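The primary structure of each chain is shown beneath.
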Amino acid sequence: MVLPGELFYHSYQNSFKNGGCASVTADLSAEDMQQQIIRETFHLVSKRDDNVCNFLEGGSLIGGSDYKLIYRHYATLYFVFCVDSSESELGILDLIQVFVETLDKCFENVCELDLIFHMDKVHYILQEVVMGGMVLETNMNEIVAQVEVQNRMEKSEGGLSAAPARAVSAVKNMNLPEIPRNINIGDINIKVPSLSPF
Amino acid sequence: MALKIVKGSIDRMFDKNLQDLVRGIRNHKEDEAKYISTCIDEIKQELKQDNIAVKANAVCKLTYLQMLGYDVSWAAFNIVEVMSSSKFTYKRIGYLAASQCFHENTDVIMLTTNQIRKDLSSPNQYDTGVALTGLSCFVTPDLARDLANDIMTLMSHTKPYIRKKAVLIMYKVFLKYPESLRPAFPRLKEKLEDPDPGVQSAAVNVICELARRNPKNYLSLAPLFFKLMTSSTNNWVLIKIIKLFGALTPLEPRLGKKLIEPLTNLIHSTSAMSLLYECVNTVIAGQYSCSVGHIKSHLLCVQKLRILIEDSDQNLKYLGLLAMSKILKTHPKSVQSHKDLILQCLDDKDESIRLRALDLLYGMVSKKNLMEIVKKLMIHVDKAEGTTYRDELLTKIIDICSQSNYQYITNFEWYISILVELTRLEGTRHGHLIASQMLDVAIRVKAIRVFAVAQMATLLDNAHLLTGNMQRNGICEVLYAAAWICGEFSEHLENPVQTLEAMLRPKVATLPGHIQAVYVQNAAKLFATILKNQEGNTDSTAAQETSQMMIDRLPLFVQSANLEVQERASCILQLVKYIQKLQQKDVEVAEEVSALFAGELNPVAPKAQKKVPVPEGLDLDAWINEPPSESESEDEQPKAIFTKEEPKHSRPRHTEVDEKELARRREARKQEQANNPFYIKASPSSQKVYQEAPGVEHIPVVQIDLSVPLKVPGLPMSDQYVKLEEERRQKERAEKKKKEKKKRKEKRSGRGKKHDSGPESEEDITPAHVVDIVTEEMPEVAQEDQNRLPSPYLCRVKVCICMFCLCRPLADSEKLPVRSHRAAGAPKSSAEDGEAENATPQEPKKKSSKEKRDKKKDKERDRKVRLRCWKHFPPSGHKSDSRSTQSEGRTVVTFLVFPLPRKVCDIQGNLQDGSQVVVSVIFENKSDSFLKSMEFNVLDSLNSKLQRPEGSGPHDGLTVPFQLPPGVSNEARFVFTVQSIVMPQKLKGTLTFIVKNEDSSTHEKLDFKLHFTCTSYLITTPCYSDAFAKLLESGDLKSSSVRLEGVNMPFHHLLARICFHHHFSVVERIDSCASMYSRSIQGHHVCLLVKTSGQTVSIDAKCDEPTLLGNVLDEIKQTFSQC
């Protein structure tokens, strides 16, 4: 299973880092293009075994040979970044790990459904890691701290008026099917010596 | 009122929120589209509410739908509403939606400018942060221009969180609004030393991205980065800096040397693989430019890479191979020693790794191991499942074998049989590739023809095997080659009658038209040969039988739907009928028939045409018919290969269109050649053009499962050649040894080419067959291509580089002409052109022995010194491209001149200090001799003086502080003092140097001219329209005007041209009227008002210095008269 938005976000954001639009053709709308990128990327990534390398050479769709798909596979999730040659391949693998660990902290034992139901929150977290296609922050503690401050602000703003809505949504969430939690972050078969944090 | 709010929030409780929407979509898997369309209707209702909370919720859902691929651009205005909410919660939702949905063409973006500005200056740092994040995704040129100042202020915000984001977003702003780079750069530089590591990292990140586009401008930052590299402990920052150095070292050889030590230290000390890998990469890049190889660091790199490749982690293996391929370009030897490892990688289960390994193989082959490597690959071809990988293997095999004119093939019989074996691949798309190789080899290697013809005859005989599921696979292209070879070299056929019979089988009619045509034509050739053979015999019936067979079979082709086949068949049929008549009268016809195909076809180099002198009075550039409309030729960008092959033009180009048209014609000719078997192709790739049947992959191909590899009876297996070759070599080696003893002494005293690898050196393996090599002269332009101008888009971001004029050296005794690559250059007669061709650098690698002798003779002539001067002006973003190569006597010189003011590194250069100009000159040694003791001298004028060190006389030259080994370039800077900038200046100068050869050294002198135009003193300075209006009102400015007639270009091109060549910036543009502004280094304002009507352009100009203005206008006029 792959999260369309998630996958899209990375590939799209990064391939447009430089403001170029190598992969956008005139007769396709941005949304069609985005879906096509996701479909093809998923197709490419999902048929790869676990014991092959985590890099895929760029096709024409993602902007040419300067671009690479770098992905990590966690249980049912693929996190795919599309980067150009100015990024370090192993560095990006690390960054994905940082991102996933951050998700784990922010959602307290993240699971697949957390990401599906809270797409907006995932984006807010991602925006603290990657901004406009450029790596913004690589220190997990710093990212988590910033995200938490913003969440607190949101809560305090909600105040009383949001309370009923929260209650309703809590009731609604009770019906969520029992789902296996935890996407096993520790259990990854890629070993990359971690970069030292800031 | 209170009641209303409560009611609103109660309503809201029952609205769907994002979670409900997601749940709903998951529960409606079958009718998802329908469910979503009802949701969108609900959202539309919600968006009509006044309550901002409801709106925000709706926008949040829309964002999700957008990610699923639904178009939500209709809600753009609502998104802006939510963005402008005062609450952080909603603002964040709004900005997220905007970053997902907005793009350059979203018109509501215009409305956001003020809102974003307000958010940027908000006291709450998270409001600012959210605005910055959003802006980074949808920044447009307008937004960038309007907000650049605000963002710049944020770069010094008290909170590191904001500083970090502001620094990072500046990169996007630079891209959209390049003019902001200059004012923002000092602050960006400051941020490199920010106390907060996050901000520092962001600044490094931005500068690395900028430097990737235009490394030259950031060379001056190298010391700062060097300091950072040695002090920083943050691996992310280190990686970025090391990557940056990787981009800089090719430009500055000294940097590479300096870096080696700290990098090797890092390699030894770091535990992070990512850092180690980048270090290795940069060391490799450094060696690329270093003429002196650092053996130690190099060995270390290769050794580390080997460890990476041997690692069980596939990622490291992949990266190791990737880096190896970079080493291969410079040090193929050291990669070759790891052949075992790389061949092993071919067996890897990961396709990414296999493809990387294949790339490496290309550079690793030698005469010695070619057969072995290809044998391995052939095994892989048999094993490979999936046609794409197999096709990749096939092209690689052919690439490897045919590289540099079949340099590594020692036995062509082996190669032919490899090709024949490859024809047995089911469903490959590369039949034409194999075919062109067969043709190429058969035509050029005379000795192989007998063998090739025999093989081809067998192929024709077994054509049914190839055409099993005909038409669908490209392999039947091979028959095209087979038929042609059998026909053309039919005298070598053992059993021509049988081949003729095979060529005229009814099944042939199912082949594609172009192949049938070749069949028919070559059947006629065969027929001629057969007649000739048979007429010697006394029995005339055999000959008559052959004629009868032709007459019986040809009507099949006469009925062909293909015009070409039909035409040829009916001609030949009539001819044969006539021959038959003559035969019946017992007339000897064979001689006459074979005269039809008399004459041997010789290989012709693709560029042979150039050797043919153009007849007098023939102007190849003149239009025969009126030129087609401009728009058409504009779209057609000449392909890269054609720009390299810029023709050697002696006449100046009239217009740009001319050049494009020429390229187009050349392309057409190329195309024609590619389809013409009588031309030797420059490379097999030119053939690809006409193959490519659409949709081949979609047709299901039935795979025939054969446990035994398909073998065509009578075809040799290539393997046996490997054995034969071994034997042959051993024999040769034995013979050699005898001779060697005698020769050894001579060898040592001779040329010092030593090969220390292996018991048997490359040179010792003599090819079994000699290839007719048609060497291609490389036009000089091909080498200059490295310096080719970047695309205009990239240029706009450039800051420092601005080349303004071209100076040709003063050559009193111009024996050889100027070859103008681009626009400029003096007209020359074509007679001189011929001589120039001799002076072009020859490709040194593969030369027949005869040419080698020639080369020795020409050694003197080949010597070239290349001199280029740059003058920089930091703020303008472009380069002009006038350039010329001049060969004066025996020396070719290229001059490019750029001015740069005193402080090139400090971009905010002090305009008052505009009396000093730095000219940086790049000296490039294109000869193969060593150059030393260079002295640079300029004859001072009253106005401009070369600054000399204290104590030296006014006519002393300046010593260039380096020596130039062959092929090396380096840069030196010279400072000039300029009194007045209102007049253009020309300075004459000389460069003296000593040319050192192996046995002699001579003193040489080179004259040149530096041209300081007035335009070059202008700096592109943005100006706002209100400031511009004030300036004009002030009344201090003198005015002048100029009219240009017959300017035939769109207005925006015209403006771009003025901006580009004369460093102006557009202040305002209304329809066909625009105001432009620029400023001189001494602070003169120059304002232009450009109007156009039809082909007339009028420029009204104002400036506080009338002389300067007059000169600038003259220069503008000149720019347009040239085009």
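Per-chain numbering applies: the sequence of each chain, read as written, is numbered from 1 onward. Chain labels run from A onward and ligand labels from 1 onward, assigned in the order the entries are written. A pLDDT threshold of at least 70 governs which residues receive local features in this predicted model, and a stricter bar of 80 or more applies before side-chain atom pairs are shown or counted, although totals over entire chains, interfaces and linings include all residues. Only hydrogens and water are set aside when side-chain values are computed; all heavy atoms of the structure are taken into account.

Looking up chain B in an unreviewed UniProt entry gives the name AP-3 complex subunit delta-1, with the organism given as Haplochromis burtoni. UniProt positions are given in the numbering used here, feature names are shortened, and annotations may be inferred rather than shown by experiment. We quote the UniProt Sequence similarities (unreviewed entry) comment for chain B here in full: "Belongs to the adaptor complexes large subunit family."

Chain A carries the name Adaptor related protein complex 3 subunit sigma 2 in an unreviewed UniProt entry, which gives Haplochromis burtoni as its organism. According to the UniProt record, the Sequence similarities (unreviewed entry) comment for chain A reads "Belongs to the adaptor complexes small subunit family."

A. Spotlight on the overall build of chain A. Labels follow the DSSP assignment, with helices taken as runs of H or I lasting at least four residues and strands as runs of E lasting at least two, numbered in each case from the N terminus. The number of helices and strands found in chain A is 6 helices and 5 strands. The N-to-C order of helical and strand elements in chain A reads α-α-β-β-β-α-α-α-β-β-α. Relative accessibility thresholds used throughout: buried, under 20% of the residue-type maximum; exposed, over 50%; partly exposed, between the two (1.4 Å probe, protein chains only). Taken over 198 residues, chain A has a buried fraction of 56%. Here the accessible surface of atoms and residues is derived via Shrake-Rupley with a 1.4 Å probe, and residues count as covered only by protein chains that are part of the display. Surface exposure of chain A reaches about 8,100 Å², of which carbon and sulfur atoms provide 54%.

B. Structural view of the overall build of chain B. Broken down by element type, chain B carries 45 helices and 18 strands. Within chain B, the fraction of its 1123 residues that count as buried is 53%. Total accessible area computed for chain B in this model is approximately 51,900 Å², and 52% of it derives from carbon and sulfur atoms.

C. Structural detail: a negative patch on the surface. Each patch is assembled from residues with relative accessible area greater than 30% and no salt bridge, linking like charges that lie within 9 Å and nonpolar side chains (Val, Leu, Ile, Met, Phe, Trp, Tyr) that lie within 5 Å. Within this document, salt bridges are pairs made up of a side-chain nitrogen of Lys or Arg and a carboxyl oxygen of Asp or Glu, the two lying within 4 Å of each other. By the counting rule applied here, Lys and Arg register as positive and Asp and Glu as negative, while His and the ends of each chain are not counted. Lys charges are placed at NZ, Arg charges at CZ, Asp charges at CG and Glu charges at CD. A cluster of like negative charges, contributed by Asp586, Glu588, Glu591 and Glu592 of chain B, occupies part of the molecular surface. The topology assignment puts Glu588 of chain B in the loop between helix H33 (563–584) and helix H34 (590–595).

D. Looking closely at the packing of helix H30 (residues 513–535) of chain B against H33 of chain B. Residues and elements named next belong to chain B. Lines are fitted to the C-alpha atoms to define the axes, a helix being fitted only along its stretch in contact, and any angle between axes, read from their N-to-C directions, falls within 0 to 180 degrees. The N-to-C vectors of H30 and H33 enclose an angle of 15°; their axes lie 8 Å apart at closest approach. Judged by the inter-axis angle, H30 sits roughly parallel to H33. In the crossing of H30 with H33, the sense of the turn from one axis to the other is left-handed. Residues Gly513, Gln516, Ala517, Val520, Gln521, Ala524, Phe527 and Leu531 of H30 lie in contact with H33, whose contacting residues are Glu564, Val565, Arg568, Ala569, Ile572, Val576, Ile579 and Gln583. Each residue gets one label: Ala, Val, Leu, Ile, Met, Phe, Trp, Tyr, Cys and Pro are nonpolar, Asp, Glu, Lys and Arg are charged, and the others, such as Gly, are polar. Partitioning the contact of H30 with H33 into residue classes produces 10 nonpolar, 4 polar and 2 charged. Each angle gets one of four labels, with under 35 degrees taken as roughly parallel, over 145 as roughly antiparallel, 65 to 115 as roughly perpendicular, and the rest as oblique. Each crossing is labelled by how the near helix is turned from the far one, with a counterclockwise turn of less than a right angle marking it left-handed and a clockwise turn marking it right-handed. In this analysis, two residues are considered to be in contact whenever any of their non-hydrogen atoms come within 4.5 Å of each other.

E. Up close: the interface of chain A and chain B. Every contact between the two is made by 71 residues of chain A and, on the other side, 75 residues of chain B. In short, buried area is how much 1.4 Å probe accessible area vanishes from two parts on joining, totalled over both. Both faces considered, chain A and chain B share a buried interface measuring about 6,800 Å² in area, 56% of it formed by carbon and sulfur atoms. Ranking the residues of chain A by area buried against chain B places Phe117, Met131 and Met134 of chain A at the top, with a combined share of 10%. Linking chain A to chain B there are 6 salt bridges. Between Glu128 of chain A and Lys165 of chain B there is a salt bridge whose closest N-O contact spans 3.6 Å.

F. Focus on the side chain of Gln583 of chain B. Following the sequence through the fold, Gln583 of chain B ends up in helix H33. Beyond its immediate sequence surroundings of up to four residues, Gln583 of chain B is in contact with Leu531, Ala543, Gln544, Ser547 and Val589 of chain B.

G. Looking closely at the confidence of the model for chain B. Residues and elements named next belong to chain B. For chain B, per-residue confidence averages 72 on the pLDDT scale, and residues scoring 70 or more make up 71% of the total. For every residue, the predictor states its confidence as a pLDDT score lying anywhere from 0 to 100. For residues 773–912, every residue scores under 50 in pLDDT, and the model assigns this stretch 368 contacts once sequence neighbours within four places are set aside. Prediction confidence for the complex, expressed as pTM and ipTM, is 0.55 and 0.83 respectively.

H. Representation of helix H17 (residues 295–310) of chain B within the structure. A helix is expected to span 1.5 Å multiplied by its residue count minus one. If you check H17 of chain B, its first and last C-alpha atoms are 22 Å apart, about what 16 residues at 1.5 Å a residue would give, namely 22 Å. When we look at burial in H17 of chain B, the residues that qualify are Ser297, His298, Leu300, Cys301, Val302, Leu305, Arg306, Leu308 and Ile309 of chain B.

I. Representation of unusual backbone geometry within the structure. All names here are of chain A. Despite not being glycine, Glu108 shows a phi value in the positive range, around 50°. Topologically, Glu108 is positioned in the loop between helix H3 (89–106) and helix H4 (112–117). At Asn109, a residue that is not glycine, the phi angle is positive and equals roughly 65°. Counting through the fold element by element, Asn109 comes out in the loop between H3 and H4. Looking at Asn109, the relative accessible area reads 41%, which means it is partly exposed.

J. Representation of the packing of aromatic side chains. Residues and elements named next belong to chain A. Aromatic contacts are taken between Phe, Tyr and Trp rings whose centres are within 6.5 Å, Trp giving its six-membered ring; a plane angle under 30 degrees counts as stacked, one over 60 as edge-to-face, and the others as tilted. In the structure shown here, the tally under the stated rule is 12 aromatic pairs over all chains. Arranged with centres 5.9 Å apart and planes meeting at 80°, the rings of Phe79 and Phe99 form a pair that is edge-to-face. With Phe79 in strand E3 (residues 77–83) and Phe99 in helix H3, this residue pair connects regions lying 20 residues apart in the sequence. Considered together, Phe79 and Phe99 belong to a single accessibility category, that of buried residues.

K. Fine view of the sheet that holds E3 of chain A. Two strands are said to pair when DSSP picks up at least two bridges between them. Strands sit in the order E1-E2-E3 (chain A) across an open sheet of 3 strands; the sheet is antiparallel. Strand pairing shows two members of the sheet lacking a second neighbour, strand E1 (55–57) and E3 of chain A, which therefore form its edges. Taken pair by pair, the neighbouring strands of this sheet meet at an average axis angle of 25°, ignoring direction. Across 7 bridges, the pairing between strand E2 (residues 68–74) of chain A and E3 of chain A is antiparallel. Bridge pairing in E3 of chain A places His73 of chain A opposite Tyr78 of chain A. Strands E1, E2 and E3 of chain A of the sheet are contacted by H3 of chain A, whose axis makes an angle of about 40° with E2 of chain A. Sitting on the sheet, helix H18 (residues 314–330) of chain B is in contact with E1 and E2 of chain A, with an inclination near 40° to E1 of chain A.

L. Representation of helix H5 (residues 119–129) of chain A in the model. When you tally the buried positions in H5 of chain A, you get 10 out of 11 residues, the bulk of the element. Residues of H5 of chain A that are buried: Met119, Asp120, Val122, His123, Tyr124, Ile125, Leu126, Gln127, Glu128 and Val129 of chain A.

M. How the structure looks around a nonpolar patch on the surface. Taken together, the side chains of Phe77, Met110 and Leu111 of chain B define a hydrophobic patch exposed on the protein surface, amounting to about 350 Å² of accessible area. The residue Leu111 of chain B is located in helix H7 (residues 109–120) in this model.

N. View of the side chain of Glu87 of chain A. Topologically, Glu87 of chain A is positioned in the loop between E3 and H3. On the basis of relative accessible area, Glu87 of chain A is assigned to the buried category, the value being 7%.

O. Looking closely at the environment of Ser1121 of chain B. Residues and elements named next belong to chain B. The residue Ser1121 is located in helix H45 (residues 1106–1122) in this model. By relative accessible area, which is 55% here, Ser1121 ends up exposed. Between the C-alpha atom of Ser1121 and that of Val1047, which follows or precedes it by 74 residues, the distance is 8.4 Å.

P. The sheet that holds strand E7 (residues 930–938) of chain B, seen in detail. Residue and element names in this part refer to chain B. The strand order across the open sheet formed by 4 strands is E9-E7-E11-E12, and the pairing between neighbours is antiparallel. At either end of the open sheet lies a strand with only one pairing partner, and these are strand E9 (958–959) and strand E12 (1001–1012). Here E7 pairs with strand E11 (residues 985–996) via 7 bridges, running antiparallel. The residue of E11 that forms the bridge with Phe936 is Leu991.

Q. Summary view of the pattern of salt bridges. Counted according to the given criterion, the structure contains 32 salt bridges over all chains. Beyond isolated ion pairs, a larger network of salt bridges with shared partners links Arg356, Asp359, Glu392 and Lys396 of chain B.

R. Looking closely at the pairing of E3 of chain A. The buried fraction of E3 of chain A amounts to 7 of the 7 residues, a majority that puts the element mostly inside the structure. The turn linking E2 of chain A back onto E3 of chain A is made up of 2 residues, and Ala75 of chain A within it adopts a positive phi angle of 45°.

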